[in-house]
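Spelled out from the first residue to the last, the chains are:
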Amino acid sequence: EPEVTQTPSHQVTQMGQEVILRCVPISNHLYFYWYRQILGQKVEFLVSFYNNEISEKSEIFDDQFSVERPDGSNFTLKIRSTKLEDSAMYFCASSEGTQYFGPGTRLTVL
Amino acid sequence: GQQVMQIPQYQHVQEGEDFTTYCNSSTTLSNIQWYKQRPGGHPVFLIQLVKSGEVKKQKRLTFQFGEAKKNSSLHITATQTTDVGTYFCAANTGTASKLTFGTGTRLQVTL
């Protein structure tokens, strides 16, 4: 069964550093998303992406965040200058109707 | 913005007991979806309800969408230890739009 994959599974970084989280969506899906989940809390929407552009973004998705689909398979989330409060699980999802989530990247900012 | 609340936050049951989580929205929903997240895992899609008053069953799980399309429930009959996890309801305004997740109900099942 096709699935969304994400790398790395865990990323540790120093405050102020840039990180890139990578996702490979399910191959025939056209809609892509990033969500985050702070430990013990609910899943929060960050951004959605369709047809090579952002279709919607939340208040969390400020100028420090960007997304890109650099080739036909990868979908990336970049955080330019990480803050302590960016520590969370970041989930990628893809959809052709139903959203399917990847296993997540745990980001720890020290 | 849209807010989706769930109660209870946490429930601890003994294996074999039933479990219900309730999801309430501040606005009328076009659909409601349910996801399960195992400890340390990612949200896994369970089901989508679209019609007012709709009831769907998956083995021991029964999902219901309220008549006013502002609330939903998930009922598990005779829980098993494999049911452990957090159950989230989620809603979007249309196909492929963002999901707004509920606050989740964490279920713990002991023997």
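Residues numbered from 1 in each chain as written. Chains lettered and ligands numbered in written order. Predicted model: local features only at pLDDT ≥ 70, side-chain atom pairs only at ≥ 80, totals over all residues. Heavy atoms only, no water.

> Honestly, the overall build of chain A in this entry has me stumped. Any pointers?
Tallying secondary structure elements over chain A gives zero helices and eleven strands in all. For a compact globule of 110 residues, the expected C-alpha radius of gyration is about 13 Å, and chain A comes in at 13 Å, within 12% of that figure. Dimensions of chain A, computed from the C-alpha atoms along their principal axes, are close to 35 × 25 × 25 Å. Scored against the burial criterion, the 110 residues of chain A give a buried share of 44%. (Helix = DSSP H or I, 4+ residues; strand = E, 2+ residues; numbered from the N terminus. Rg over C-alpha atoms; globule rule 2.2 N^0.38 Å. Buried < 20%, exposed > 50% of the residue type's maximum accessible area, 1.4 Å probe, protein only.)

> Which parts of the structure should I look at to understand the interface of chain B and chain A?
Taken together, the contacts link 16 residues of chain B with 17 residues of chain A. Taken together, both faces of the contact between chain B and chain A bury some 1,400 Å²; the carbon and sulfur share is 60%. Looking only at chain B, the three residues that lose the most surface to chain A are B:Ala96, B:Lys98 and B:Phe101, adding up to 36% of its buried area. At the boundary of chain B with chain A, the tally comes to one salt bridge. Our count for the chain B to chain A interface comes out at four residue pairs in polar contact (both at pLDDT 80 or more). For the side of chain B that touches chain A, the per-class residue count stands at seven nonpolar, eight polar and one charged. (Contact = heavy atoms within 4.5 Å. Buried area = accessible area lost by both parts, 1.4 Å probe. Salt bridge = Lys/Arg side-chain N within 4 Å of Asp/Glu carboxyl O. Polar contact = N/O pair within 3.5 Å; in protein donor to acceptor, adjacent residues only side chain to side chain. Nonpolar A, V, L, I, M, F, W, Y, C, P; charged D, E, K, R; others polar.)

> Any chance you could explain the pairing of strand 3 (residues 19-25) of chain B here in plain terms?
Note on strand geometry: in a regular strand, side chains alternate between the two faces of the sheet. Residue and element names in this part refer to chain B. Buried residues dominate strand 3, accounting for five of its seven residues. Examined bridge by bridge, strand 3 and strand 8 (residues 71-76) share six bridges and lie antiparallel to one another. Within strand 8, the position partnered with Tyr 22 by the bridge is Ser 73. (Pairing = 2+ DSSP bridges.)

> Please clarify how the pattern of salt bridges should be interpreted in this entry.
For side chains bearing opposite charge, pairing can occur when the charged atoms are close. According to the stated counting rule, one finds four salt bridges over all chains in the structure shown. For A:Glu44, the salt bridge identified is with A:Arg36, shortest N-O distance 3.3 Å. On the accessibility criterion, A:Glu44 (23% relative accessible area) is partly exposed. On the basis of relative accessible area, A:Arg36 is assigned to the buried category, the value being 10%. With its nearest N and O atoms 3.7 Å apart, the salt bridge here joins A:Glu56 to B:Lys98. Of this pair, A:Glu56 sits in strand 6 (residues 53-57) while B:Lys98 is found in the loop between strand 9 (85-91) and strand 10 (100-101), placing the two residues in two different chains.

> Would you take a moment to explain the state of the cysteines for this structure?
Disulfide: a covalent bond connecting the sulfur atoms of a pair of cysteines. One pass over the full model with this rule turns up two disulfides over all chains. Bridging A:Cys23 to A:Cys92, the disulfide has an S-S length of 1.9 Å. Across the S-S bond of A:Cys23 and A:Cys92 the torsion is about -60°, and the bridge reads as left-handed. Of the two residues, A:Cys23 is situated in strand 3 (residues 19-24) and A:Cys92 in strand 9 (residues 88-95); the sequence distance between them amounts to 69 residues. Comparing A:Cys23 with A:Cys92 shows no difference in burial state: the two are buried. The residue that forms a disulfide with B:Cys23 is B:Cys89, at a sulfur-sulfur distance of 2.0 Å. Between B:Cys23 and B:Cys89 the disulfide shows an S-S torsion of about 80°. By sign, it is right-handed. Of the two residues, B:Cys23 is situated in strand 3 and B:Cys89 in strand 9; the sequence distance between them amounts to 66 residues. Neither B:Cys23 nor B:Cys89 differs from the other in exposure class; each is buried. (Disulfide = S-S within 2.5 Å.)

> Looking at this structure, how should I read the sheet that holds strand 6 (residues 55-58) of chain B?
Strand pairing in a sheet is mediated by backbone hydrogen bonds. Such pairs are either parallel or antiparallel. Residue and element names in this part refer to chain B. On the basis of which strands lie adjacent, the open sheet formed by five strands has the order 1-3-8-7-6 and antiparallel pairing. Across the chains shown, the open sheet's two edge strands, defined by having one partner strand only, are strand 1 (4-7) and strand 6. Each strand axis lies, on average, 15° off the axis of its neighbour in the sheet, ignoring direction. Where strand 1 and strand 3 come together, four bridges link them in antiparallel fashion. Considered in strand 3, the bridge of Met 5 is made with Asn 24. (Axes fitted to C-alpha atoms, helices over the stretch in contact; angles between N-to-C directions.)

> Help me understand the side chain of A:Ser94, please; the structure alone is not making it clear to me.
Residues and elements named next belong to chain A. One can find Ser 94 in strand 9. Exposure remark for Ser 94: the relative accessible area of 0% places this residue in the buried category. Among the polar contacts made by the side chain of Ser 94, one reaches the main-chain amide nitrogen of Ile 26 at a distance of 3.3 Å. Once residues within four sequence positions are removed from consideration, Ser 94 is found in contact with Val 4, Pro 25, Ile 26, His 29, Tyr 31, Phe 32, Tyr 33, Gln 99 and Tyr 100.

Purely geometric numbers; function is a separate question.
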